[in-house]
Amino acid sequence: MRKYKPVELPLRAVPERYAEQHATCPNCHDRDGHVIGRLGLRLVFRCEKCRVRYHRPAAMARRQLV
């Protein structure tokens, strides 16, 4: 089976007021995922346990940012 390289996302810097946010990991349900950057207007998080990168659903993110 062929193994592909992981895709590198072009993440941008996060404003300071959003840098301390946390989100629940969709893989292991750990609540300590921290912000590593943003992709457009979505905050991108990384879980320390399973090392998954993810973002929150758009409706939830919009509610948090307003």
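Just above, that's the structure.
In this report, we go over the structure that sits alongside the text.

## With respect to the nonpolar core
Here's step 1: If you look at the biggest cluster of nonpolar residues, it comprises eight residues: Tyr18, Ala23, Cys25, Val35, Leu43, Phe45, Cys47 and Tyr54.
Here's step 2: For Cys47, the residues in contact, after removing those within four places along its chain, are Cys25, Cys28, Asp30, Gly33, Val52 and Tyr54.

## Remarks on the packing of aromatic side chains
Here's step 1: Inspection of the entire model under this criterion finds one aromatic pair.
Here's step 2: For the pair Phe45 and Tyr54, a centre-to-centre distance of 5.9 Å together with 20° between the ring planes defines the contact as stacked.
Here's step 3: For Tyr54, a relative accessible area of 7% translates into the label buried.

## Focus on the pairing of strand β2 (residues 33-39)
Here's step 1: Two strands pair when backbone bridges link them, and strand β1 (residues 22-23) and β2 are joined in this way by two bridges, in the antiparallel orientation. Looking across to β2, one finds that His22 is bridged to His34.
Here's step 2: Pairing between β2 and strand β3 (residues 42-46): five bridges, direction antiparallel. The partner of Val35 across the bridge, within β3, is Phe45.

## Comments concerning the pairing of β3
Here's step 1: The turn joining β2 and β3, which pair antiparallel and follow one another in sequence, is formed by two residues; a positive phi near 70° is taken by Gly40.
Here's step 2: Here β3 runs beside strand β4 (residues 53-55); their pairing, made up of three bridges, is antiparallel. Within β4, the residue paired with Phe45 across the bridge is Tyr54.
Here's step 3: Where β3 hands over to β4, the hairpin turn is made up of six residues, of which Arg51 adopts a positive phi near 60°.

## A few points about the side chain of Asp30
Here's step 1: Of note, Asp30 is situated in the loop between β1 and β2.
Here's step 2: No salt bridge forms around the buried Asp30; measuring N to O, its nearest opposite-charge neighbour Lys49 is 4.1 Å away.
Here's step 3: Excluding its chain neighbours within four sequence positions, the residues that come into contact with Asp30 are Ala23, Thr24, Cys25, Cys47 and Lys49.

## A look at a nonpolar patch on the surface
Here's step 1: A grouping of Val7, Leu9 and Leu39 is seen on the molecular surface, where their side chains present a nonpolar patch of about 260 Å² in accessible area.
Here's step 2: For Leu39, the location among the structural elements is in strand β2.
Here's step 3: Judged by relative accessible area, Leu39 falls into the partly exposed class, the value being 36%.

Thresholds, definitions, all that
- Residues numbered from 1 in each chain as written.
- Predicted model: local features only at pLDDT ≥ 70, side-chain atom pairs only at ≥ 80, totals over all residues.
- Heavy atoms only, no water.
- Core = buried A, V, L, I, M, F, W, Y, C linked by side-chain atoms within 4.5 Å.
- Buried < 20%, exposed > 50% of the residue type's maximum accessible area, 1.4 Å probe, protein only.
- Contact = heavy atoms within 4.5 Å.
- Phe/Tyr/Trp six-rings, centres within 6.5 Å; stacked < 30°, edge-to-face > 60°.
- Pairing = 2+ DSSP bridges.
- Helix = DSSP H or I, 4+ residues; strand = E, 2+ residues; numbered from the N terminus.
- Lys, Arg positive; Asp, Glu negative; His and termini not counted.
- Salt bridge = Lys/Arg side-chain N within 4 Å of Asp/Glu carboxyl O.
- Patch = residues over 30% accessible without salt bridge, like charges linked within 9 Å, V, L, I, M, F, W, Y side chains within 5 Å.
- Areas by Shrake-Rupley, 256 points an atom, 1.4 Å probe, with all protein chains shown as cover.

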